Amino acid sequence: MTRFQVPKKKIEELLNLHSLKAQSSSYDRGVCVLAVSNVREKLMAISTNKQDSIDLQHAISEVAKLAEQYSDPDGEYTSGKSSVIGLLDDLYRLKFDQEEPSDHPAL
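A few points on the structure.

How each quantity is defined
Residues numbered from 1 in each chain as written. Predicted model: local features only at pLDDT ≥ 70, side-chain atom pairs only at ≥ 80, totals over all residues. Heavy atoms only, no water. Helix = DSSP H or I, 4+ residues; strand = E, 2+ residues; numbered from the N terminus. Contact = heavy atoms within 4.5 Å. Areas by Shrake-Rupley, 256 points an atom, 1.4 Å probe, with all protein chains shown as cover. Core = buried A, V, L, I, M, F, W, Y, C linked by side-chain atoms within 4.5 Å. Buried < 20%, exposed > 50% of the residue type's maximum accessible area, 1.4 Å probe, protein only. Axes fitted to C-alpha atoms, helices over the stretch in contact; angles between N-to-C directions. Left-handed = near helix turned anticlockwise from the far one by under 90°. Nonpolar A, V, L, I, M, F, W, Y, C, P; charged D, E, K, R; others polar. Phe/Tyr/Trp six-rings, centres within 6.5 Å; stacked < 30°, edge-to-face > 60°. Lys NZ or Arg CZ within 6 Å of the ring centre and 35° of its normal. Parallel < 35°, antiparallel > 145°, perpendicular 65-115°, else oblique. Salt bridge = Lys/Arg side-chain N within 4 Å of Asp/Glu carboxyl O.

1. So, the overall build of the protein
No. 1: Along its length, the protein carries 4 helices and 2 strands.
No. 2: When the helices and strands of the protein are listed from N to C terminus, the series reads β-α-α-β-α-α.
No. 3: Pairs at least 24 apart in sequence give 71% of the contacts found in the protein among residues at least 6 apart.
No. 4: Summing over all exposed atoms, the protein offers an accessible surface of approximately 6,700 Å²; the carbon and sulfur share of this is 51%.

2. Observations regarding the nonpolar core
No. 1: In terms of nonpolar packing, the biggest core is built from 25 residues, with Ile 11, Val 39, Leu 43, Leu 56, Val 63, Val 84 and Leu 91 touching the most fellow members.
No. 2: Within the residue set of this core, elements represented by two or more residues are α1 (8-23), α2 (29-44), α3 (56-69) and α4 (81-98).
No. 3: Setting aside chain neighbours within four positions, we find Leu 56 in contact with Phe 4, Val 6, Leu 91, Leu 94, Lys 95 and Gln 98.

3. Considering the packing of α1 against α4
No. 1: Between α1 and α4, the shortest axis-to-axis distance is 11 Å and the interhelical angle comes to 145°. The crossing of α1 and α4 is right-handed. In this structure, α1 uses Lys 10, Ile 11, Leu 14, Leu 15 and His 18 to contact α4, whose residues at the interface are Gly 86, Leu 87, Asp 90, Leu 91 and Leu 94.
No. 2: Looking at the contact of α1 with α4, its residues break down into 6 nonpolar, 2 polar and 2 charged.

4. Structural notes on unusual backbone geometry
No. 1: Unlike most non-glycine residues, Asp 52 shows phi in positive territory, near 60°.
No. 2: Residue Asp 52 is classed as partly exposed on the basis of its relative accessible area, which comes to 40%.

5. Considering the environment of Gly 80
No. 1: Within the secondary structure layout, Gly 80 lies in the loop between α3 and α4.
No. 2: Put simply, Gly 80 and Cys 32 are 48 residues apart on the chain and 4.9 Å apart in space, counted from C-alpha to C-alpha.
No. 3: Those residues in contact with Gly 80, other than ones at most four positions away along the chain, are Val 31, Ala 35 and Tyr 70.

6. So, the packing of aromatic side chains
No. 1: For the structure on display, the rule yields 0 aromatic pairs.
No. 2: We note Lys 95 situated over the ring of Phe 4; from NZ or CZ to the ring centre the distance is 4.8 Å.

7. Describing the packing of α2 against α4
No. 1: Close contact between α2 and α4 brings their axes to 8 Å; oriented N to C, the two are set at 45°. On the basis of their axis angle, the class for α2 and α4 is oblique. Along the contact surface, α2 presents Cys 32, Ala 35, Val 36, Val 39 and Leu 43, while α4 presents Ser 83, Val 84, Leu 87 and Leu 91.
No. 2: Tallied by class, the residues present in the contact of α2 with α4 amount to 8 nonpolar, 1 polar and no charged.

8. Thoughts on the pattern of salt bridges
When the charged atoms of two side chains lie near each other, side chains of opposite charge can form a pair.
No. 1: Going through the model one piece at a time under the given rule, you end up with 3 salt bridges.
No. 2: Lys 65 is the salt-bridge partner of Glu 62, the closest N and O atoms lying 3.4 Å from each other. You can see Glu 62 and its partner Lys 65 sitting in helix α3, 3 residues apart, about one turn around the helix.
No. 3: What makes Lys 65 partly exposed here is its relative accessible area of 48%.
No. 4: Between Arg 93 and Asp 90 there is a salt bridge, and its shortest N-O distance comes to 3.7 Å. Placement of both Arg 93 and Asp 90 in helix α4 is noted, with a separation of 3 residues, approximately one turn of the helix.

Structure (structure tokens):
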């Protein structure tokens, strides 16, 4: 597996975790569930390589674009954007976990 590639299964696990969080949300459950579904649609549309892995940089880029413009006006307390950003944050964490210490020089 090359750098910044993650198994599709790992992305699916992350989406499932966020789906469960959205379903148990006490605020605007439907809005949160829809937001996670929209992220799932974006990520599952990314083609995989021969090892059934997804380019993490591409995944981050797609979800970041979605987060920039995401708004569901049906929410009373949230637009669902926080659900999208939560997933984006976890994708960045996956990337960070793959980086070498030299990628983060001391300040």
